[in-house]
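These are the residues of each chain, in order.
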Amino acid sequence: TYSEERKKMVEYTFLRDFVAVPGMAEVYRTWYAGGVHFHYVSNSVFQLYEELEEFRRKYNFPPATINLKTIRPKKLVSTLRSIGADPLDTKGRTIEGIVQRFPSRKFILVGDSGEKDPEVYASIARNHPNQISRIFIRNVNDNIDGSKRLEGVPSHKYMFFN
């Protein structure tokens, strides 16, 4: 259920060490060696920046800009809204800004099926079909129908993997 998934997310985010997907750092380093620029975008809060940067260095992921959700403890109402905000709004807005900032750049979007990465990426791909080259989604859910989650994106542009 939704609350069980949230509990699991909190546990993995705050109580366990981050673990890299096997082979992912090598793929990213290969892309980086070929001239790819990286922008890591997460719905994690900025307070996790040090842990995420430590994870990036530990597993030898390429350097990149890291875009995280900003919360302001002194502004409780807006902070609570931000924490509970739909990733389609927060993550989508951040990626949209990056894509617009680099209009001549092609993008590969990599995410997972856990929350709304497929829907966010589909929206970006529909808005910028010439800039989004590929979408890779790690399947962390059983029995999902990826084509429904990436509606409007040509099937040759995306791939789900385990």
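Keep in mind that what you see is a predicted model, and the values were worked out from it rather than measured.

S.K.: How do you make sense of the overall build of the protein chain when you look at a structure like this?
M.R.: On a plain count of helices and strands, the protein chain comes out with 7 helices and 5 strands. Its helices and strands taken in sequence order, the protein chain reads α-α-β-α-β-α-α-β-α-β-α-β from the N to the C terminus.

S.K.: Just checking my understanding: could you explain helix 2 (residues 24–33) for this structure?
M.R.: At 3.6 residues per turn, the α-helix brings residues three or four places apart onto the same side. Regarding helix 2, the residues found buried are M24, A25 and Y28. Relative to the axis of helix 2, the buried residues are bounded by an arc of 95° and lie together on one face. Of the exposed residues in helix 2, those oriented more than 90 degrees away from the buried face are T30 and A33. The elements touched by buried residues of helix 2 are strand 1 (39–45), strand 3 (107–112) and strand 5 (158–161). Of the residues one or two after helix 2, G35 is the one with positive phi, at around 100°.

S.K.: Quick question: what am I supposed to make of the environment of N43 here?
M.R.: Here N43 is to be found in strand 1. For the pair N43 and K69, spaced 26 residues apart in the sequence, the C-alpha separation amounts to 5.6 Å. A distance of 2.8 Å separates polar atoms of two side chains, one belonging to N43 and the other to T90.

S.K.: Before we go on, may I ask you to explain the side chain of E96 in this structure?
M.R.: Position of E96 relative to the elements: it lies in helix 5 (residues 87–101). Despite its burial, E96 remains without a salt bridge, the nearest opposite charge being carried by R126 at 9.7 Å. Not counting chain neighbours up to four residues away, the residues in contact with E96 comprise I124, N127 and H128.

S.K.: Sorry, what's going on with helix 3 (residues 49–58) here?
M.R.: Within the sequence span of helix 3, burial applies to L52, E53, F55 and R56. Down the axis of helix 3, the smallest arc covering the buried residues is 155°, so these residues share one side. Exposed residues lying more than 90 degrees from the buried face of helix 3 are E50, E54, R57 and K58. Along its buried surface, helix 3 packs onto strand 1 and strand 2 (65–69). One or two steps after helix 3, the chain reaches N60, where phi turns positive at roughly 65°.

S.K.: Would you explain the nonpolar core in this entry?
M.R.: Taken as a class, soluble globular proteins show a tendency for nonpolar side chains to be buried jointly. I95, L109, Y121, I132, I135 and V153 are the most contacted members of the largest nonpolar core, which has 17 residues in total. Taken together, the elements giving at least two residues each to this core come down to helix 5, strand 3, helix 6 (117–127) and strand 4 (132–138). Counting 10 residues, the second largest nonpolar core, distinct from the first, contains A20, F38, F55 and F161.

S.K.: It is not clear to me how the pairing of strand 4 should be interpreted in this structure. Could you clarify?
M.R.: The side chains of a regular strand alternate between the sheet's two faces. Relative to strand 4, strand 3 runs parallel, the two sharing 6 bridges. When the bridges of strand 4 are listed, G111 appears paired with I137. This β-α-β element, strand 3 to helix 6 to strand 4, shows right-handed connectivity. Two strands pair when backbone bridges link them, and strand 4 and strand 5 are joined in this way by 4 bridges, in the parallel orientation. The partner of I135 across the bridge, within strand 5, is Y158.

The rules we used
- Residues numbered from 1 in each chain as written.
- Predicted model: local features only at pLDDT ≥ 70, side-chain atom pairs only at ≥ 80, totals over all residues.
- Heavy atoms only, no water.
- Helix = DSSP H or I, 4+ residues; strand = E, 2+ residues; numbered from the N terminus.
- Buried < 20%, exposed > 50% of the residue type's maximum accessible area, 1.4 Å probe, protein only.
- Arc of directions from axis to C-beta.
- Contact = heavy atoms within 4.5 Å.
- Polar contact = N/O pair within 3.5 Å; in protein donor to acceptor, adjacent residues only side chain to side chain.
- Lys, Arg positive; Asp, Glu negative; His and termini not counted.
- Salt bridge = Lys/Arg side-chain N within 4 Å of Asp/Glu carboxyl O.
- Core = buried A, V, L, I, M, F, W, Y, C linked by side-chain atoms within 4.5 Å.
- Pairing = 2+ DSSP bridges.
- Right-handed = clockwise from strand over helix to strand, strands pointing away.

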